[in-house]
Amino acid sequence: MRDLSTDILIQVMEDVIEDLHGHVHRVSDLAVNLGTGLDLDQDDQKRLALAGVLHDVGKIHLDPGILGKPGPLTEEERELMRRHPELGFAMTRNRIDPKVAEAILYHHERYDGHGYPFGLTGQEIPILSRIILVADAFDAMTSVRAYQPALPVDYAIDEIRRNAGSQFDPEVVEVFMDLAERDLLPQVLAS
Ligand SMILES: [Fe+2]
């Protein structure tokens, strides 16, 4: 499903945004593993692979000073940052599978309705986005970020479990916990 222009876009994104280097591929791999555990069909697996690498593509439009800021963001900066799902959707709609563009648009919606940009709840959020949210959260916690050092894997697993039903879809978390117990979560390689 990926073509040359998509590959170039992904490379540019990883080169320009330090925090996304490597991250997008681990999110993609974990998302596909979660999708397999949820018995999604082959088409959705392919969509997950692509949405996994492209979920944060809208960040290309944001100020690098905000993306690389080591400390907490101001309210205004947070508002700008929160625009990235819609920016990514605008970039990809009409260019790729509409379900992949939708997965990008809704990847920060929370199961309990406290996410953004729309505050959708539960099953209103496309399953591909509910999966990417879990994969993204796990990898963001366990990799080095401009704003925080890498957190221990066990801590991240605990956080995901603790937030089942609030931030995350409990069914997706169940599959995630199964992968964790079987030691099948992607590991961040020390660089
Ligand atoms: Fe994001």
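Each remark here, short or long, concerns the structure printed above.
Peer 1: I'd like a description of the overall build of the protein, backed by residues and values.
Peer 2: For the protein, the helix and strand inventory stands at 10 helices and zero strands. Reading the protein from its N terminus to its C terminus gives the helix and strand order α-α-α-α-α-α-α-α-α-α. A compact globule built from 191 residues should have a C-alpha radius of gyration of about 16 Å, and the protein, at 15 Å, falls within 12% of that. If you line up the protein on its principal axes, its C-alpha atoms span 40 × 35 × 35 Å. Across the 191 residues that make up the protein, the buried fraction comes to 35%.

Peer 1: So what's going on with helix H10 (residues 170-181)? Residues and values would help.
Peer 2: Over its 12 residues, H10 extends 16 Å from the first C-alpha to the last, a length consistent with the 16 Å expected when each residue adds 1.5 Å. The complete set of buried residues in H10 reads Val172, Val173 and Phe176. All buried residues of H10 project into a common sector of 95° when viewed along the axis, lining one side. At the exit of H10 stands Asp183, carrying a positive phi of roughly 60°.

Peer 1: An account of unusual backbone geometry is needed here, citing residue identities and associated values.
Peer 2: With an omega of 10°, the peptide bond running from Tyr116 to Pro117 counts as cis. A positive phi angle is found at Asp39, which is not glycine, with a value near 60°. When you line up the elements, Asp39 lands in the loop between helix H2 (23-37) and helix H3 (42-54). One non-glycine residue, Asn94, adopts positive backbone phi at about 70°. Among the structural elements, Asn94 can be located in the loop between helix H6 (84-92) and helix H7 (98-105).

Peer 1: A description of the nonpolar core should follow, citing residues and the corresponding values.
Peer 2: Grouped together as the largest cluster of nonpolar side chains are 38 residues, with contacts concentrated most on Ala31, Ala51, Ile131, Ile132, Val134 and Ala135. Of all the elements in the fold, those that place two or more residues in this core are H2, H3, H7, helix H8 (127-142), helix H9 (153-162) and H10. When residues of this core are assigned to their parent elements, the largest contribution, seven residues, is made by H8. The residues touching Ala135, leaving out its near neighbours within four places in the chain, are Val27, Leu30, Ala31, Leu34 and Gly52.

Peer 1: Which residues make up the environment of Ala90, and what are the values?
Peer 2: Relative to the helices and strands, Ala90 resides in helix H6. As a C-alpha pair, Ala90 and Leu105 span 15 residues in sequence and 8.7 Å in three-dimensional space.

Peer 1: Could you give an account of the packing of H3 against H7, naming the residues involved and the relevant values?
Peer 2: For the pair H3 and H7, the least separation of the axes is 9 Å and the interaxial angle reads 40°. With respect to H7, the element H3 is oriented oblique. The interaxial crossing formed by H3 with H7 has right-handed handedness. Of H7, the residues touching H3 (which contributes Arg47, Leu50, Ala51 and Leu54) are Lys99, Val100, Ala103 and Ile104.

What counts and what doesn't
- Residues numbered from 1 in each chain as written.
- Predicted model: local features only at pLDDT ≥ 70, side-chain atom pairs only at ≥ 80, totals over all residues.
- Helix = DSSP H or I, 4+ residues; strand = E, 2+ residues; numbered from the N terminus.
- Rg over C-alpha atoms; globule rule 2.2 N^0.38 Å.
- Buried ≥ 20, exposed ≤ 12 C-beta atoms within 10 Å, placed from the backbone.
- Expected span 1.5 Å × (residues − 1).
- Arc of directions from axis to C-beta.
- Core = buried A, V, L, I, M, F, W, Y, C linked by C-beta atoms within 7 Å.
- Contact = placed C-beta atoms within 7 Å.
- Axes fitted to C-alpha atoms, helices over the stretch in contact; angles between N-to-C directions.
- Parallel < 35°, antiparallel > 145°, perpendicular 65-115°, else oblique.
- Left-handed = near helix turned anticlockwise from the far one by under 90°.

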